[in-house]
Amino acid sequence: MLIEQDRIDGFLRVECCLSRLDSVQAGTFREQLSRIISRGERAILLDLGRVDFVDSAGLGALIAVAKLVDEDGQFEITGLTGRVAQLLSLTRMDEVLSIREHA
C-alpha cells in the first residue's frame, strides 16, 4: 500500500507513503486514489509531507486524481516539501490544484 488514510475536519486525509512520486509508482498511486474516489469519497486531503520528488508522471497522477473528484467534491493537497512546492509553482499547477498550508 502506497497510502495511509484517516479522517480530519470532514476530509478523508490520504497520506502518500513514498519519498518519490515518479514513473515507477505513479500508476499504482493513481489507481489507489481512484478506488477511494469510486467508492464515493468526495472530500480528499492529499498529504504529500513524505514526498520530496515528483516527476512528470507523478504530476500527471496528481492532476488525474484531481479531475476524478467531481465538481461537487473537494480535492486539496497539503504538506508540500520545498522541491515539490517549487515544481508545482514552476509548472503553475499551484494555480490549478488547491493547496492547503497545514492539515
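Data block above holds the structure.
Because the structure is predicted, anything quoted here is derived from the model rather than measured.

A. Structural context of the pairing of strand β2 (residues 11-16). With six of six residues buried, β2 is to be regarded as a mostly interior element. Because side chains alternate across β2, one face comprises the buried residues Phe-11, Arg-13 and Glu-15, and the other comprises Leu-12, Val-14 and Cys-16, equally buried. Pairing of strand β1 (residues 3-8) with β2 involves six bridges; the strand directions are antiparallel. Residue Gln-5 lies in a different strand from β2, and its bridge partner there is Val-14. Once β1 ends, the chain turns through two residues before running back antiparallel as β2, passing Asp-9 with a positive phi of about 50°. Bridge analysis of β2 against strand β4 (residues 43-47) gives four bridges, and the strand direction is parallel. Bridge pairing links Leu-12 to Ile-44 in β4.

B. Seen up close, helix α1 (residues 26-38). Under the 1.5 Å per step criterion, the end-to-end length of α1 is 18 Å for 13 residues, consistent within 8% with the ideal 18 Å. For α1, the full list of buried residues reads Ala-26, Phe-29, Gln-32, Leu-33, Ile-36 and Ile-37. Burial along α1 is one-sided: seen end-on, the buried residues are contained in an arc of 140°. Turned more than 90 degrees off the buried face of α1, the exposed positions are Arg-35 and Ser-38. On its buried face, α1 sits against β1, β2, β3 (20-21), β4 and α2 (56-68).

Calculation rules
Residues numbered from 1 in each chain as written. Predicted model: local features only at pLDDT ≥ 70, side-chain atom pairs only at ≥ 80, totals over all residues. Heavy atoms only, no water. Buried < 20%, exposed > 50% of the residue type's maximum accessible area, 1.4 Å probe, protein only. Helix = DSSP H or I, 4+ residues; strand = E, 2+ residues; numbered from the N terminus. Pairing = 2+ DSSP bridges. Expected span 1.5 Å × (residues − 1). Arc of directions from axis to C-beta. Contact = heavy atoms within 4.5 Å.

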